[in-house]
Amino acid sequence: MSQQTADEILDASYLEVRAKVLELAAVLDRLDRAPGGTERSPRRDQLTQAIEMLLADDPDRAAKVQHWFSRQYDPDWKTNLGVETPSSK
């Protein structure tokens, strides 16, 4: 099976990606228009940074954005998140 060209990928994905970009723009517009919407917040800053990562010329954007939104590893995550294991029942 041959690898798709950039044009083929763009042809297949353009409308879906365009819709997602428009949806993101609409959410950002609603945030800006809402009372308190232009105030800085950690979540808004996190979104802004992720959008900047998307604009970078980097073939590993998806991995970097996923990592950006991931929690730091917590060795006690089961206890801290209240997850029961079969042996703890």
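No experiment lies behind these values; they were computed from the predicted model shown. The residue numbers shown here count from 1 along each chain, following its written sequence. Note on the predicted model: pLDDT of at least 70 is required for a residue's local features to be given, and 80 or more for side-chain atom pairs to be given and counted; whole-chain, interface and lining totals, by contrast, use all residues. With hydrogens and water excluded, all non-hydrogen atoms of the structure serve as input to the side-chain values.

### A word on the overall build of the chain
The secondary structure content of the chain amounts to four helices and zero strands. Ordered by position in the sequence, the α and β elements of the chain form the string α-α-α-α. In this description the radius of gyration comes from C-alpha coordinates, and the expected globular size is given by 2.2 Å times residues to the power 0.38. Relative to a compact globule of 89 residues, whose C-alpha radius of gyration would be 12 Å, the chain shows 19 Å and is clearly more extended. Here the C-alpha coordinates of the chain stretch approximately 55 × 50 × 20 Å along the principal axes. Under the scheme used here, helices are H or I runs from DSSP no shorter than 4 residues and strands are E runs no shorter than 2 residues, and both carry numbers assigned from the N terminus.

### Concerning the confidence of the model for the chain
Looking at the chain as a whole, the pLDDT averages 90, with 96% of positions reaching at least 70. No element of the chain has a lower mean pLDDT than helix α4 (residues 77-80), at 85, and none a higher one than helix α1 (residues 6-33), at 96. The quantity known as pLDDT measures the predictor's confidence residue by residue, on a range of 0 to 100.

### Examining the packing of helix α2 (residues 42-55) against helix α3 (residues 61-69)
Geometry is summarised by axes, namely lines fitted to C-alpha atoms with helices restricted to the contacting stretch, and by angles between N-to-C directions that run from 0 to 180 degrees. Between α2 and α3, the shortest axis-to-axis distance is 9 Å and the interhelical angle comes to 170°. Accordingly, the angle class assigned to the pair α2 and α3 is roughly antiparallel. Packed against α2, whose contacting residues are Gln46, Leu47, Gln49, Ala50, Met53 and Leu54, the element α3 presents Arg61, Lys64, Val65, Trp68 and Phe69 at the interface. Each residue is assigned to one class: nonpolar for Ala, Val, Leu, Ile, Met, Phe, Trp, Tyr, Cys and Pro, charged for Asp, Glu, Lys and Arg, and polar for all the others, Gly among them. Looking at the contact of α2 with α3, its residues break down into seven nonpolar, two polar and two charged. Angle categories are assigned with fixed cut-offs, so that under 35 degrees is roughly parallel, over 145 is roughly antiparallel, 65 to 115 is roughly perpendicular, and the rest are oblique. Whether two residues are in contact is decided by their heavy atoms, any of which lying within 4.5 Å being enough.

### Quick word on the pattern of salt bridges
Opposite charge on two side chains permits them to pair, given that their charged atoms come into close proximity. Just to be clear on terms, a salt bridge is a Lys or Arg side-chain nitrogen sitting within 4 Å of an Asp or Glu carboxyl oxygen. In total, this model carries four salt bridges according to the counting rule given. We note a salt bridge from Asp32 to Arg44, for which the minimum N-O separation is 2.8 Å. Here Arg44 lies in helix α2 and Asp32 lies in helix α1, a separation of twelve residues in the sequence. Between Asp45 and Arg40 there is a salt bridge, with the nearest N and O atoms lying 3.2 Å from each other. Exposure remark for Asp45: the relative accessible area of 28% places this residue in the partly exposed category. Accessibility here uses a 1.4 Å probe with only protein chains present; expressed as a share of the type maximum, an area under 20% marks a residue as buried, one over 50% as exposed, and anything in between as partly exposed.

### Here's the deal with a nonpolar patch on the surface
Patch membership is restricted to residues that have no salt bridge and whose relative accessible area is over 30%. Joining uses 9 Å for like charges and 5 Å for the nonpolar side chains Val, Leu, Ile, Met, Phe, Trp and Tyr. Computed with a 1.4 Å probe, the accessible areas rest on the Shrake-Rupley method; for each residue, only the protein chains presented here act as cover. Taken together, Tyr73, Trp77, Leu81 and Val83 make up a surface patch of nonpolar side chains, about 450 Å² in accessible area. Tracing the backbone through its elements, the reader meets Tyr73 in the loop between α3 and α4.

### Details of the side chain of Arg44
By relative accessible area, which is 19% here, Arg44 ends up buried. Those residues in contact with Arg44 that lie beyond four places of it in its chain are Leu28, Leu31, Asp32 and Gly37.

### Quick word on the side chain of Asp58
Assignment of secondary structure puts Asp58 in the loop between α2 and α3. From its side chain, Asp58 meets the backbone nitrogen of Asp60 in a polar contact 2.8 Å long. Polar contact criterion, stated in full: a pair of N or O atoms within 3.5 Å, where within protein one must be able to donate a hydrogen and the other to accept it, and residues adjacent in sequence count only if both atoms are side-chain atoms.

### Focus: the environment of Pro75
With respect to the helices and strands, Pro75 occurs in the loop between α3 and α4. Separated by 22 residues in the primary sequence, Pro75 and Met53 have C-alpha atoms spaced 28 Å apart.

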